[in-house]
Amino acid sequence: MSQSSLSFVVQDASAFARSLGRALREREQPPSHLELLNLIARAQGYRNLQALQAALAPLPSAPLAVEDRPEPLPLSETARKALSQFDSRGRLLRWPTKFSVQRLVMWLLWQHFELKRVYSEREVNECLNGLHLFGDPATLRRELINHRLMARTPDCREYRKLTPRPDEETRALLRAWRMQRRTVQ
């Protein structure tokens, strides 16, 4: 068997350990290398190692035929300026000076948060720190609240992503952002 790295996240370490321990106790002798890999995959909820590898393998990106490529989206000048505020890794380089650009930039940051998840202030800061390069998560956190993209409790302990309806300019920007991220990755 060839060596290949395989990394996965265990959502519930306790359930994973119980499942693996139960499978090991049921055996009369220690499992072989391949059997142990299959037990680990089963503890993760997969049928076997191959199923786990297939689930974690990146999907191949086939080039689109010219006729299948989506039409370039008509972006406003403000939306183009908002996109230019980010580096090739999708991190905000600087805080825009124009309010109209700030508003659009907030939408691009907003999409990195999960719906229905409650965040602590620290978690919001950690997420925002990975999304910008100028070291001011407090400003970004406040602006997400001011733009009504997130809500927080009065004591600032809990933050939640809101679901406002973006206008047409914002929807075009979000589509362009996703297309740009796909081509970069």
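Look above for the structure.
Residue numbering note: each chain is counted from 1, following its sequence as written. With pLDDT at 70 or above as the cut-off, local features in this predicted model cover only qualifying residues; side-chain atom pairs require 80 or more to be listed or tallied, and sums for whole chains, interfaces and linings still use all residues. Hydrogens and water are ignored here; the side-chain numbers use all heavy atoms of the structure.

Caption draft 1: Here's a closer look at unusual backbone geometry. Positive phi outside glycine occurs at Arg148, with the angle close to 60 degrees. Strands here are runs of E lasting at least two residues and helices are runs of H or I lasting at least four, both read from the DSSP assignment and numbered beginning at the N terminus. Assignment of secondary structure puts Arg148 in the loop between helix 7 (137–146) and strand 2 (150–152). Exposure classes here rest on a 1.4 Å probe applied to the protein chains alone. A residue is buried below 20% of its type maximum, exposed above 50%, and partly exposed in between. According to the relative accessible area criterion, Arg148 is exposed, its value standing at 64%. One non-glycine residue, Cys156, adopts positive backbone phi at about 65 degrees. Examined against the element boundaries, Cys156 turns out to sit in the loop between strand 2 and strand 3 (159–161).

Caption draft 2: The packing of helix 2 (residues 33–43) against helix 3 (residues 49–56), seen in detail. What counts as an axis is a line fitted to C-alpha atoms, over the stretch in contact for a helix, and the angles between N-to-C directions run from 0 to 180 degrees. Axis separation between helix 2 and helix 3 bottoms out at 8 Å; the angle between their running directions is 55 degrees. In terms of orientation, helix 2 and helix 3 fall into the oblique class. Residue-level inspection shows Leu37, Asn38 and Ala41 of helix 2 in contact with helix 3, the latter providing Leu49, Gln50 and Leu52. Each residue is assigned to one of three groups, with Ala, Val, Leu, Ile, Met, Phe, Trp, Tyr, Cys and Pro labelled nonpolar, Asp, Glu, Lys and Arg labelled charged, and all others, Gly among them, labelled polar. Considered class by class, the residues forming the contact of helix 2 with helix 3 number four nonpolar, two polar and no charged. In what follows, roughly perpendicular refers to angles from 65 to 115 degrees, roughly parallel to angles under 35, roughly antiparallel to angles over 145, and oblique to any angle outside these ranges. Contact between two residues is taken to exist if any of their heavy atoms lie within 4.5 Å; hydrogens are not considered.

Caption draft 3: Representation of the sheet that holds strand 3. Here the rule is simple: two strands pair whenever DSSP picks up at least two bridges between them. Spatial ordering of the open sheet is given by 1-3-2, a layout of three strands whose pairing is antiparallel. Only two strands of the sheet have a single partner each, and these edge strands are strand 1 (118–119) and strand 2. Here strand 2 pairs with strand 3 via three bridges, running antiparallel. In the strand pairing of strand 3, Met150 is matched with Lys161. Taken strand by strand, helix 7 contacts strand 2 and strand 3, and its axis lies near 100 degrees from that of strand 2.

Caption draft 4: Molecular detail of the side chain of Lys161. Residue placement: Lys161 occurs in strand 3. We treat Lys and Arg as the positive residues and Asp and Glu as the negative residues; His and chain ends play no part in the count. In what follows, salt bridge is the name for a side-chain nitrogen of Lys or Arg lying within 4 Å of a carboxyl oxygen of Asp or Glu. This buried residue, Lys161, is left without a salt bridge; Glu114 holds the nearest opposite charge, at 9.1 Å.

Caption draft 5: Seen up close, helix 7. Among the 10 residues that make up helix 7, seven are buried, leaving the element largely enclosed by the rest of the structure. Considered for burial, the residues of helix 7 that qualify are Pro137, Thr139, Leu140, Arg141, Glu143, Leu144 and Ile145. Among the residues trailing helix 7, Arg148 stands out with phi positive, at a value near 60 degrees.

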